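Per-entry structural report
Each chain, written out:
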Amino acid sequence: MTDLYRVLPEEMDKIVIEMGQPRYRADQLLHALYHDSPTDISDLRQIPAALRDALVAARYTIGSASEAHRVASEDMQTTKLLLKYGDGTMIETVLMQYPSKTKIHPRSTVCVSTQVGCAMGCVFCATGQMGFKRNLQAEEIVAQVLHFAHVLRERDEHVTNLVFMGMGEPLANYAETIRAVRLLTHARAFGLGQRSITISTVGIIPLIDRLADEQLQIGLAISLHAPNDELRRRLVPTAGPHSVEELFLASKRYFKKTGRRITFEYALINGVNDSPEVAAELALLLKGNGAHVNLIPVNSTAGGFQRPERRRVHEFQRILRKGGVNCTVRVEKGSEISAACGQLRTDMIEKITSSNAD
Ligand code: SAH
Ligand code: SF4
């Protein structure tokens, strides 16, 4: 069985031609998939019955992600969906909306998951603490975006941006992540601009280099969290082979090849990596390279880590800026519904399963 939502336009051309149909049927098929919300091949009324039958006979299907739960923040700007796939696996995906003064439509960013759990084990991350369960297929990643696209379409809005910052390490699920990016950005499929997409990685160096060679214009964020190896390895236990220095050089290579500047994400943890000395060390590492640092005051998870006081966050930012490094503090979104960074976890799944068992 093959889900039509993992088929790239060039592959779709081949499929319809092999089924004895003209190529434009592939466009009709893709249009129906990405602009309507079919849940079954029989919903594809734009294509002839003969093609629908041939697709069914060749065991093509249409994705089976269903919405198991939806929560919205009080201001309605953050929505978290719990999606359930065909095998019963559940993952979370989040929509963050930012009203704009100049545009009618808000910026609508979907934060997607690429894995169920994560093997990287970052000590402050709820997903890392649950361990690795499985990789998501490209169609399962695409389904997250399409779900929100459907929700937004009903309000006459659309998905404008995409960040790979949900559950999992995107580069550890490389092929499926890239396939999803190609489907979501292809003009004949979902058609989102490549520049509206950011992949966030914990920093797997050979895969950063591979990504730089994909001829994609997507943005890259590297989760750094520390200016030296000793501190970084305490926070990212799997960082071993990827030193801060090597990561920094990889980020420069990515910039050189793609022309896209790198963002370094830095989860600020009270008493761990937030001192003025650490800020100065980070400034020294990054200055003069046009790098951008995004400080994320850590959201508390089971690990017992706390965010620093606001004063200390601003002091850290001030030192970076003074040292010549571009730096912003991430605007908090969704923490009251556990949708903020690192909080995407299975608590909702537990609630649902236990209420089903009642
Ligand atoms: N695995 C990738 C992408 C998913 S995590 C990565 O690590 O980059 C997305 C971002 O959320 C990362 O920058 C990660 O460091 C951050 N994050 C994880 N747990 C967090 C927490 N408890 N508070 C704040 N940010 C967190
Ligand atoms: Fe995995 Fe990213 Fe969480 Fe680290 S921060 S455990 S890499 S999801």
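Residues numbered from 1 in each chain as written. Chains lettered and ligands numbered in written order. Predicted model: local features only at pLDDT ≥ 70, side-chain atom pairs only at ≥ 80, totals over all residues. Heavy atoms only, no water.

Let us now look at the pairing of strand β3 (residues 66-72). Examined bridge by bridge, β3 and strand β4 (residues 78-84) share six bridges and lie antiparallel to one another. Considered in β4, the bridge of Glu67 is made with Leu83. Taken together, β3 and the strand that follows it, β4, pair antiparallel across an intervening segment of five residues, in which Met76 is found at a positive phi of about 65°. (Pairing = 2+ DSSP bridges. Helix = DSSP H or I, 4+ residues; strand = E, 2+ residues; numbered from the N terminus.)

Taking 1.5 Å of rise per residue, the 16 residues of helix α5 (residues 138-153) would be expected to cover 22 Å, and the 22 Å separating its terminal C-alpha atoms lies within 8% of that figure. Across the 16 residues of α5, 14 count as buried, placing the element largely inside the fold. (Expected span 1.5 Å × (residues − 1). Buried < 20%, exposed > 50% of the residue type's maximum accessible area, 1.4 Å probe, protein only.)

Turning next to the environment of Leu249. In this structure, Leu249 sits in helix α9 (residues 244-258). Its relative accessible area of 33% is what places Leu249 among the partly exposed residues. When the C-alpha positions of Leu249 and Ile205 are compared, they lie 9.3 Å apart, and in sequence the two are 44 residues distant.

The next subject is the environment of Arg253. Structurally, the position occupied by Arg253 is in helix α9. Linking Arg253 and Gly86, residues 167 residues apart in sequence, is a C-alpha distance of 40 Å. Non-local contacts of Arg253, meaning those with residues more than four positions away in its chain, are made with Ile205 and Asp209. Within the local environment of Arg253, its side chain forms a polar contact with the side chain of Asp209, the two groups lying 2.9 Å apart. (Contact = heavy atoms within 4.5 Å. Polar contact = N/O pair within 3.5 Å; in protein donor to acceptor, adjacent residues only side chain to side chain.)

This part is about the packing of aromatic side chains. Enumeration over the complete set of coordinates arrives at three aromatic pairs. When the ring of Tyr5 is compared with that of Tyr34, the centres are 5.6 Å apart and the planes differ by 90°; the resulting orientation is edge-to-face. Remark: Tyr34 occurs in helix α2 (residues 24-35) and Tyr5 occurs in the loop between β1 (2-3) and α1 (9-18); sequence separation between them is 29 residues. Take Tyr34: its relative accessible area is 2%, and that puts it in the buried class. Above the plane of the ring of Tyr98 lies Arg107, whose end atom (NZ or CZ) is 4.5 Å from the centre. (Phe/Tyr/Trp six-rings, centres within 6.5 Å; stacked < 30°, edge-to-face > 60°. Lys NZ or Arg CZ within 6 Å of the ring centre and 35° of its normal.)

On to the nonpolar core. Within the largest apolar cluster, 103 residues are counted, with the highest numbers of intra-cluster contacts made by Leu4 and Tyr34. For this core, the element with the most residues is α5, which contributes eight residues. Domain assignment of the residues forming this core places at least three in each of domain 1 (2-61) and domain 2 (65-357). (Core = buried A, V, L, I, M, F, W, Y, C linked by side-chain atoms within 4.5 Å. Domains from an automatic or database assignment.)

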